[in-house]
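Given next are the chains, with one letter for each unit.
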Amino acid sequence: MIVTHSLTKHFGHIVAVDSVDLAVQEGDRYGILGPNGSGKTTLVRMLLGLVYATSGEIEVMGQQVPRHVGRVLPEIGALVEEPAAYPHLTGRANLALFDAAGPSGPKSTRRKRIDNALERVGLAGIDRRPVKAYSLGMRQRLGLAAALVRSPRLLILDEPTNGLDPRGIRDIRDLLIELNKAGTTIFLSSHLLGEVEHLCTRVGIFDLGRLVVQAELATLRTPTGRVIVDSPDADRVAAMLDGHVESRDGARLVVRHADAAELNAQLVREGVRVVEIGPQRRSLEQIVLEVTSAGSDQLSQEGGSSR
Amino acid sequence: MIGVELYKLLRRPRTWVSVALLCALPVAVAIFVAVTHLAPPPGQGSAFLSAILHDGSLYPAAALALVLPVFLPVAVAVVAGDSIAGEATTGTLRYLLTRPVSRSRLLVAKLVTITTFVLVAVVAVTITSYITGVAAFGSAPPAAVGQPAVQPGGSVTSLSGPSLTVLQLVERIVGAVGFITVSMLGVAAIALFLSTLTDSALGSALGALAALVGSEVLVTLDAASAVRPYLPTRYWLAWIDFFRQPVFWRDIQRGFGIQALYVAVFLAAAWANFSSKDITT
């Protein structure tokens, strides 16, 4: 769906994106994570033909970008950074205007498509208010609706849940999963770990313009071969499994063991009370912190950020 | 795309505010003159203004002469300077381009929209000032001071003396409206070009106005006579030649030519810059 080869972008002497080889398959829910200023937005803009690469190649749905970007854009719904609309017009008028601006948006179905998109994002009851009277969350929903009006095959979303409350975030996540099940490929960038962790099947992690990790989320989060045990009888557990206990924090023990179920059975046989037991998985947060450096919004003295 | 841009122009409150302001200036002048009967003597002040006390139907010409030097170029520079930079600032530019709208089409649509705006503004000034003029001064009075006598029966005196029939007058006014509209396109093209350079609508509008002021200074400077024929404002006043009998075509043709040149050069520059630009807003 999206393939890039050693994609690089310089802004003056700043390297915003540095030899990125991205691979997004059809049907993926692909999440780009990374600190602020790590090049996520520049990447998204290059995929959409807004920013021209310094070197490297981009292919979206089999077409060269930016040369043939006009052929693929009609099938892409995009939200780049914050949504934008003409403030003195209503939300509906804005959607109609953007739909009419592009090529061959069938006029006969426009009204229906707009109603449909508004309903999907939870703005079906939208009134005659101009967009300047909208709240941040409503604007965000309107921006998503604009991306959905053409029923795109590919959604490219940069920070799609900005400004939404927890319920809004949940609504949008459910919507994206539903669209994905219906065959839409979803590519989103975010600095919110939770958002990506809950939504995406594949992740790419950006740092200083480089794509440092690209893998299935399930692969990244395979068990570490350790089991976490929470027990009021922590002392007994420690004595029993001496040599296998890697660390202990009060009632919580990290035990080197391949099978949590097996260990649980063993503890219960010995009459040890267990509050909680399960295989240890690395959290996405740990992975991201391991592979990334400080974001570009943090400028420490000793080269915490070279950019 | 052109339809979309026109819709945006017409639905924008600013468009109508600026047109209303353009129409308000001649109305205000007419009220002052009508109340005081103090028109500038012939040959002084704004063109045609001296004649209006005696023939209100000449007032559209006087009104165009009033708004042409400053008001109209300011309005055009604001609209044209905002065209790309304004979309960039609100962020709508990136959504238009990913619709997709090709960058060249967007530029052409913007230029067509600006032209429409100028035409609407000039026509609005013409119509409102005609109504104002006839209401304030009446039409076809018996004689004109400083001019050969006007023929009875609704005819109007041309600047050169012989009278014009109503049909001729309408033709001349249409010609003048067309010429003034075209005269503004040079400014519009400069502002549009600057609008692709910067994301500041204000900056590009002021830049275009600076170019105009510079041009007006050089037009009056004898030492700059070598470049004078190429200045964008050099032939601005040539629309007055439509009211001569017969029409004095030389400056009118040159005026059209120089504006066409400015539009071609700056539209090409705007295209070259915009089509290779990174859209980072």
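Just so we're clear, the structure is a prediction, and the values are computed from it rather than from any experiment. (Residues numbered from 1 in each chain as written. Chains lettered and ligands numbered in written order. Predicted model: local features only at pLDDT ≥ 70, side-chain atom pairs only at ≥ 80, totals over all residues.)

Chemist: Lay out the packing of helix α3 (residues 59-67) of chain B against helix α6 (residues 103-137) of chain B in plain terms, naming residues and giving numbers.
Modeler: Residues and elements named next belong to chain B. Viewed as axis vectors pointing N to C, α3 and α6 meet at an angle of 125°, and their least axial separation amounts to 8 Å. By the angle class used here, α3 and α6 are oblique. Regarding α3 and α6, the two cross each other, and that crossing is right-handed. Residues Y59, P60, A63, L64 and V67 of α3 form the contact with α6, whose own contacting residues are V125, T126, S129, Y130, T132, G133 and F137. The residue makeup of the contact of α3 with α6, split by class, is eight nonpolar, four polar and no charged. (Axes fitted to C-alpha atoms, helices over the stretch in contact; angles between N-to-C directions. Helix = DSSP H or I, 4+ residues; strand = E, 2+ residues; numbered from the N terminus. Parallel < 35°, antiparallel > 145°, perpendicular 65-115°, else oblique. Left-handed = near helix turned anticlockwise from the far one by under 90°. Contact = placed C-beta atoms within 7 Å. Nonpolar A, V, L, I, M, F, W, Y, C, P; charged D, E, K, R; others polar.)

Chemist: Please set out the sheet that holds strand β14 (residues 252-256) of chain A residue by residue, giving values where relevant.
Modeler: All names here are of chain A. Overall, antiparallel pairing links the four strands, which are arranged β13-β14-β12-β15 in an open sheet. Of all the strands in the sheet, just β13 (245-249) and β15 (276-281) have a single pairing partner and so form its edges. Each neighbouring strand pair of the sheet contributes to a mean axis angle of 20°, computed without reference to strand direction. Sheet topology note: the strand β12 (residues 223-230)/β15 ladder contains five bridges and is antiparallel. Counterpart to V227 in the pairing with β15 is P279. Where helix α10 (residues 260-269) meets the sheet, it contacts β12, β14 and β15, and its direction lies at approximately 150° from that of β15. (Pairing = 2+ DSSP bridges.)

Chemist: Now, about the pairing of strand β7 (residues 76-79) of chain A: what can you tell me, with residues and values included?
Modeler: Residue and element names in this part refer to chain A. Across the two faces of β7 the burial is the same, with I76 and A78 and G77 and L79 all buried. As paired elements, β7 and strand β8 (residues 154-158) share four bridges and run parallel to each other. Its bridge partner being in β8, A78 is matched across the sheet by I156. (Buried ≥ 20, exposed ≤ 12 C-beta atoms within 10 Å, placed from the backbone.)

Chemist: Outline the confidence of the model for chain A, listing residues and values.
Modeler: With 95% of its residues at a pLDDT of at least 70, chain A reaches an overall mean of 88. Confidence drops under pLDDT 50 across residues 302-307 of chain A; counting only partners more than four residues distant or on other chains, this segment forms 11 contacts. (pLDDT = per-residue confidence, 0-100.)

Chemist: Explain the pairing of strand β10 (residues 202-207) of chain A residue by residue, including any values.
Modeler: Residues and elements named next belong to chain A. Most of β10 is tucked away: six of the six residues are buried. Neither face of β10 is exposed, since R202, G204 and F206 on one face and V203, I205 and D207 on the opposite face are all buried. With four bridges connecting them, strand β4 (residues 29-33) and β10 associate as parallel partners. Counted as the bridge partner of Y30 is R202 from β10. Two strands pair when backbone bridges link them, and β10 and strand β11 (residues 210-216) are joined in this way by six bridges, in the antiparallel orientation. Paired with V203 across the strands is A215, a residue of β11.

Chemist: Describe the domain arrangement of chain A, naming the residues involved and giving the relevant values.
Modeler: As assigned here, chain A comprises domain 1 (2-220) and domain 2 (224-281). A separation of 44 Å is found between the C-alpha centroids of domain 1 of chain A and domain 2 of chain A. (Domains from an automatic or database assignment.)

Chemist: Explain the environment of B:S204 residue by residue, including any values.
Modeler: Examined against the element boundaries, B:S204 turns out to sit in helix α8 (residues 201-219). For B:S204, the residues in contact, after removing those within four places along its chain, are B:G81, B:A85, B:A191, B:L194, B:S195 and B:T198.

Chemist: Describe the interface of chain B and chain A, naming the residues involved and giving the relevant values.
Modeler: By convention, interface size is frequently given as the accessible area that disappears when the constituent parts associate. Taken together, the 22 residues of chain B in the interface contact 23 residues of chain A. Put simply, the parts of the chain that give the side of chain B that touches chain A at least two residues each are α1 (2-10) and α5 (92-97) of chain B. Considering every element that reaches the side of chain B that touches chain A, the biggest residue donor is α5(B), with five residues. Here the residues of the side of chain B that touches chain A are counted per class, giving 10 nonpolar, six polar and six charged.

Chemist: Lay out the nonpolar core with the relevant residues and their values.
Modeler: Residue and element names in this part refer to chain B. The biggest cluster of nonpolar side chains holds 153 residues, and the ones touching the most others in it are V76, A188 and A208. The biggest single contributor to this core is helix α7 (residues 166-197), with 17 residues. Those residues in contact with A188, other than ones at most four positions away along the chain, are V76, A80, L111 and I114. (Core = buried A, V, L, I, M, F, W, Y, C linked by C-beta atoms within 7 Å.)

Chemist: Could you give an account of the sheet that holds β11(A), naming the residues involved and the relevant values?
Modeler: Residue and element names in this part refer to chain A. The six strands are arranged β7-β8-β9-β4-β10-β11 in an open sheet whose pairing can be described as mixed. Unpaired on one side and paired on the other, β7 and β11 mark the two borders of the sheet. For this sheet, the mean inter-axis angle between neighbouring strands, taken without regard to orientation, is 15°. Pairing between β8 and strand β9 (residues 185-190): five bridges, direction parallel. If you follow D158 over to β9, its bridge partner there is S189. Along the sheet face, helix α1 (residues 40-47) touches β4, β8, β9 and β10 and points at about 145° away from the line of β8.

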